Amino acid sequence: VTRPPALAMRWLERSLHPDERDELIGDLQEQFERRVALEGQSQARRWYWRQTFGLVWGFTRARRDVISTSHDRRLGRWAVSNVALDWTYAWRSLRASRSFALVAVLTLTLGIGLSTAVFSLVEGVLLAPLPYPDPDRLLRLAEIAPPTNFQSRMAAMGDRADRSSVSDVAIGAWIATTRTLESITPISTNGANVRTPHGVEQVDGAEVGSAFFAMLGVRPVLGRLLVDADGNGNAAPAAVLSERFWRASFDARPDIVGSSVTIEDHAYTIVGIAPEVTFPETGVAVWTAGHWQWPAIGPRRMFSVRLDVIARLRRESTLDQARAEGAGVMKRIALADPAFADGTVPIATARVRTLRDDLTAPVHGALVTLMVGMVLVLAAAGVNLASLLLARSTARRREVAVRLALGAARWRLVRPLLFEQGLLAASGAVAGAVVAWWILRSLPLVAPPDLPRLSEIHFSVVSLVFAAGGSLAIGLIPGLWPTWHFRGVRLRHLVATRVGDDGRVGSGDRTRRTLVVTQVALAATLLVGAALIGRTLVALLEVNPGYDPRGVLTFQVALPDGWGRQAGREGRFFDGLIARLEQNPDVAVAGASATLPLLQVGFAGSFAIVGRPKPQTPDETPVAIRNAITPGYLKAVGTHILRGRDFTSSDSNTAEKVAIVDEALVQAYFPAEDPLGQHIGWSAGRVFTVVGVAESAHQGPVSTPVQPTLYMAAAQLPDILAFNAYTGGVAVRTKSDPINVVPFVRTAARELEPDAPIYNVMRLEDRLNRTFTGPRFYAIALGLFAILALSTAILGVYGVLAYLVERRRVEFGVRRALGAGERQIGWLVLSESLRLSGAGLGVGLAAAASAAGLMRSLLFGVRPVDPLTFAGAAGLILLVAAGAAWYPSRRALRVDPSEALRME
Amino acid sequence: MSRFGLGDLEHLVLLAFVRLGDESYGVPILDEITTRTGRPVSRAAVYIALRRLEAKGLLRSRLGEATPERGGRAKRYFRITRAGLRQLHVSREALVKMWDHIDARLERGRS
């Protein structure tokens, strides 16, 4: 028996249109039989398969061409029913309604793009594990001093913005007694002057416990990393260089391992090269092993060393056990202090959390806010899509009614819609991916500076799929529902020519209203969020920093360690440098200081006021930031002297010792007295007469409170207090753009002293602006979200009103005929608009009020539930809703009464 | 569709009808073109050409009877219309005019 291949035949049957099935398969069969007779069965079967492929392929392609180019509809009859064709139909139908497609794709693109970017960011920063083995067992230990404690007051003024360090006593006790932690290592980061083949460079260095690299599981690029033996007090000093530093400054020479390098005047042996380690901060160039002596537990001392500490949890221990252990350590330390016995000294608490939580804690609130914003935007996009689709399926009501009445399967009616939406989603996803990619690529330029793990943020495909799927699902169900669930096939649907004149409020109507209310609610919530951040930004910009950053250049100088041993060395250097700088006609005034604004380096110290009783406890001791400055410094940064005088060159080492206090210090310690002429100091020979009061200057970001500050004349202080302990800073007030004098400054410094490199050269204005980057970033992100949500809400309100006007044409006509004026008709439309947006507003503002707490950490100068902001958002939404009603109400007014009546 | 109106394959198909006379269907047409030109043609292309010619009104078709050697499937018979014949003439005339006096030069070009 000769039979063509059954599978090929079945394929043909399936893919060919019924009209041509018989003819084509019959013809093939006829020729097949001839072939069998001629060349045998197997040859013929092979031929049959080839013909089958040719037919299916040829017809599919032809159909596509015909549909896109032919004017002849009759050809459509030969359509091969396959998926490619469905896509073609979808494409055609979307092209036919371009504005719908455009709005839908735009909504999806922005919704998907923004949310993919935000989710990628959140995933990279908050969710992804740290790039070290077994990252969940890496812990950060912190000793949180009670807020009234002297130590914590000092710390609040001091260099560490983040007070998550541990005192040396506690580190010692912790190391000695732990059973839950495998290893504990302190870290101390600071600048280091390293002698490289290209000269002395100032880099970030870290002194770490010898277990540091083993704990992180880092492997060397070359040589070895620090080992336990390096932590031994009498081991040869060993240094590890970062790969980047090694490549940039040691020309990637492999023979560097084993050679000697000079760091801060000390010789170290380079034992190995480490890959990029992102902790405690990126960019550390040199690691050395710290040799610390941990003091025994005993009565508290005034000062103690505080260090950052990381630890690795034992495999068999839990985080809770480690926490309990930490609390035990704190209790033992407190009990050893006699002051604790009378209960006046509050006990410090141990904070033990995973390194990842610790790194991300500062931005946790911000990212959660962004995430919530993102979900709202995605919802807004989905709802917008839903209402667009709903409008479309309503327009198809008649067609659907006819086709259902003629016996079409529901599936056949829904299928093209599915493909249409698939096409929309695909376009939205592709364009959204591009948007997200672009946002992520430009993220490093706009991201807040405190955003950790920036390098670990990558485009997340999962989130793209999630965002596309999410917005589509929200749009899909309401979009398909009306068609799928079409009821009430009546003759009147078939003959009706006007929209919705079955005269009842259908379920589509209710859905439509619900969608609009949702849109308005989403927009209101996001608008409040954006407005709160916006007001934060404005409030920050309005804060007087206490200095005038315009036209000021600042830079730091890395002073060689050895200078500390030469009396007056530093003072001579700065005097010489300032004199040289002031010779430049572009420089108005220059001054040096032990610290510069926004560098978060300040030396907090206690002092006494002569003539007052000695404080009984450390907690009552006056504390202030001590800053040693040269006479021109306050003028250079633009901090005004409010009373008294500024330092002058006659305030020399031999003259009477003088000090300038700031307003914050006056308020804290001289609330009722005149500070001028008072004597303050901290030891014999260190007593200063207050000669001036300066305005308070924010040493940190303007969102942090000002701290009492004590200025002293650098010339009157031994070097150790003036500059040595801190890398000094120089401020230069210029007459034009500060950048113009940078080459001059660099040359002047190098010529004066080649061993003291200058670094961190920056406009003070840029330094200040950088602190606004964070709020600005969140304001822009939430602002974008809000604009997107608001525009979909406008579209939604407009759509519903236009539909309403169309549906009630007759009614409006009749009303006009019965004497209703323009105002009444206009009000009918407007009130509908306000009703919808009012309902949405209620929901949205309530949601915003309950979610605003999330944003607390982001806000400054405005409360989370701020009545003015809420009222403003409400006002804007109502205004926009009224605006959206304008055009539909014009249309309602144009209804000609006589025509409307005739229609009836 | 150009004013001269016929694609290559359409031209061949119409000519095949003229050669075969009166009524014909897919198999003989395919055979005629293949044997005459000595080159295989795409089956799908021929069937599509048939549809297109019918759509242009140059062919007319009817469904024939089912026959056992075709697995009980019906044939579709096509017949060339008056318009089809006229179109062939138009095309031929255009081609002949264009080919006029070309042969000699083409021969020279070949050698």
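Residues numbered from 1 in each chain as written. Chains lettered and ligands numbered in written order. Predicted model: local features only at pLDDT ≥ 70, side-chain atom pairs only at ≥ 80, totals over all residues. Heavy atoms only, no water.

S.K.: An account of the overall build of chain B is requested, with residue identities and associated values reported.
M.R.: The secondary structure content of chain B amounts to five helices and three strands. Traced from its N-terminal end to its C-terminal end, chain B shows the element sequence α-β-α-α-β-β-α-α. A buried classification covers 41% of the 111 residues belonging to chain B. Across chain B, the fraction of contacts at a sequence separation of at least 24, relative to all contacts at a separation of at least 6, is 50%. Looking at chain B as shown, the accessible area adds up to about 6900 Å², and 53% of this sits on carbon and sulfur atoms. (Helix = DSSP H or I, 4+ residues; strand = E, 2+ residues; numbered from the N terminus. Buried < 20%, exposed > 50% of the residue type's maximum accessible area, 1.4 Å probe, protein only. Contact = heavy atoms within 4.5 Å. Areas by Shrake-Rupley, 256 points an atom, 1.4 Å probe, with all protein chains shown as cover.)

S.K.: Give me the interface of chain B and chain A: which residues, what numbers.
M.R.: With 21 residues of chain B at the contact, the number on the chain A side is 28 residues. Buried surface at the junction of chain B and chain A, summed over both partners, amounts to about 2100 Å²; 49% is from carbon and sulfur atoms. Considering only the side of chain B, the residues that lose the most area to chain A are Arg43, Arg51 and Arg73 of chain B, jointly responsible for 34% of the buried surface there. Summed over the shared surface of chain B and chain A, the number is seven salt bridges. Across the pair Glu23 of chain A and Arg51 of chain B runs a salt bridge, and its minimum N-O distance is 2.4 Å. The interface formed by chain B and chain A includes 12 residue pairs in polar contact (both at pLDDT 80 or more). Residue assignment for the side of chain B that touches chain A shows that the elements contributing at least two residues are helix 2 (26-37), helix 3 (43-55) and strand 3 (73-80) of chain B. Counting residues per element, the side of chain B that touches chain A draws most heavily on helix 3 of chain B, which supplies eight residues. The residue inventory of the side of chain B that touches chain A, partitioned by class, reads nine nonpolar, two polar and 10 charged. (Buried area = accessible area lost by both parts, 1.4 Å probe. Salt bridge = Lys/Arg side-chain N within 4 Å of Asp/Glu carboxyl O. Polar contact = N/O pair within 3.5 Å; in protein donor to acceptor, adjacent residues only side chain to side chain. Nonpolar A, V, L, I, M, F, W, Y, C, P; charged D, E, K, R; others polar.)

S.K.: An account of the packing of helix 1 (residues 8-20) of chain B against helix 4 (residues 82-99) of chain B is needed here, citing residue identities and associated values.
M.R.: All names here are of chain B. Between helix 1 and helix 4, whose axes approach to 11 Å, the crossing angle comes to 120°. The angle between helix 1 and helix 4 places the two elements in the oblique class. For the crossing formed where helix 1 meets helix 4, the hand is left-handed. For the pair helix 1 and helix 4, contact is made by His11, Leu14, Leu15 and Val18 and by Gly84, Leu85, Leu88, Ser91 and Leu95, respectively. Of the residues that constitute the contact of helix 1 with helix 4, the class distribution is six nonpolar, three polar and no charged. (Axes fitted to C-alpha atoms, helices over the stretch in contact; angles between N-to-C directions. Parallel < 35°, antiparallel > 145°, perpendicular 65-115°, else oblique. Left-handed = near helix turned anticlockwise from the far one by under 90°.)

S.K.: Go over the nonpolar core, please, and point to the residues and values.
M.R.: One finds Leu367, Leu370, Ile533, Tyr711, Tyr778, Phe785 and Ile877 of chain A to be the most contacted residues of the largest nonpolar core, which totals 103 residues. The element that contributes the greatest number of residues to this core is helix 24 (residues 773-807) of chain A, accounting for 16 residues. When sequence neighbours within four positions are dropped, the list of residues in contact with Ile877 of chain A reads Val520, Ala523, Ala524, Leu527, Leu790, Ser837 and Leu841 of chain A. If you look at the next biggest cluster of nonpolar residues, it comprises 35 residues, including Met9 and Leu24 of chain A together with Tyr47 and Leu50 of chain B. (Core = buried A, V, L, I, M, F, W, Y, C linked by side-chain atoms within 4.5 Å.)

S.K.: Explain the sheet that holds strand 3 of chain B to me, using residue names and the numbers behind them.
M.R.: Residues and elements named next belong to chain B. Here we have three strands laid out as an open sheet, ordered 1-3-2, and antiparallel in their pairing. Each edge of the sheet is formed by a strand with only one pairing partner; in this case those strands are strand 1 (23-24) and strand 2 (59-67). As paired elements, strand 2 and strand 3 share seven bridges and run antiparallel to each other. Directly across from Ser61, in strand 3, lies its bridge partner Phe78. The strands touched by helix 3 are strand 2 and strand 3; relative to strand 2, the strand with the most contacts, the crossing angle is about 130°. (Pairing = 2+ DSSP bridges.)

S.K.: Talk me through the packing of aromatic side chains; I want residue IDs and the actual numbers.
M.R.: All names here are of chain A. In this structure the tally under the stated criterion is 13 aromatic pairs over all chains. Look at Phe212 and Phe213: their rings are 5.1 Å apart centre to centre, the planes differ by 80°, and that puts the pair in the edge-to-face class. Residue Phe212 shares its accessibility class with Phe213, and that shared class is buried. These aromatic residues form a ring-pair network of at least three members: Trp11, Trp49 and Phe53. (Phe/Tyr/Trp six-rings, centres within 6.5 Å; stacked < 30°, edge-to-face > 60°.)

S.K.: Any chance you could break down the pattern of salt bridges for me, citing the residues and the numbers?
M.R.: Oppositely charged side chains are able to pair whenever their charged atoms sit close together. All names here are of chain A. Counted according to the given criterion, the structure contains 36 salt bridges over all chains. Across the pair Arg315 and Asp134 runs a salt bridge whose closest N-O atoms are separated by 3.4 Å. Of the two residues, Arg315 is situated in the loop between strand 10 (306-313) and helix 10 (319-335) and Asp134 in the loop between helix 5 (98-127) and strand 1 (138-144); the sequence distance between them amounts to 181 residues. Taking relative accessible area as the criterion, Asp134 reaches 31% and is therefore assigned partly exposed. A salt bridge links Asp308 to Arg140; the nearest nitrogen and oxygen atoms lie 3.1 Å apart. Taken together, the residues span a long stretch of sequence, with Asp308 in strand 10 and Arg140 in strand 1 at a distance of 168 residues.

S.K.: Residues and numbers for the pairing of strand 16 (residues 623-629) of chain A, please.
M.R.: Residues and elements named next belong to chain A. When you tally the buried positions in strand 16, you get seven out of seven residues, the bulk of the element. Relative to strand 21 (residues 709-713), strand 16 runs parallel, the two sharing five bridges. Bridging across to strand 21, Ile629 finds its partner in Ala713.

S.K.: Any details on the environment of Ile256 of chain A? Residues and values, ideally.
M.R.: All names here are of chain A. By secondary structure assignment, the location of Ile256 is in the loop between helix 9 (243-249) and strand 7 (260-263). Residue classification places Ile256 among the buried residues on the basis of a relative accessible area of 4%. Sequence spacing of Ile256 and Val271 is 15 residues, and the spatial spacing of their C-alpha atoms is 8.6 Å. Sequence-distant contacts of Ile256, defined by excluding residues within four places in its chain, comprise Trp246, Phe250, Ile270 and Ile273.

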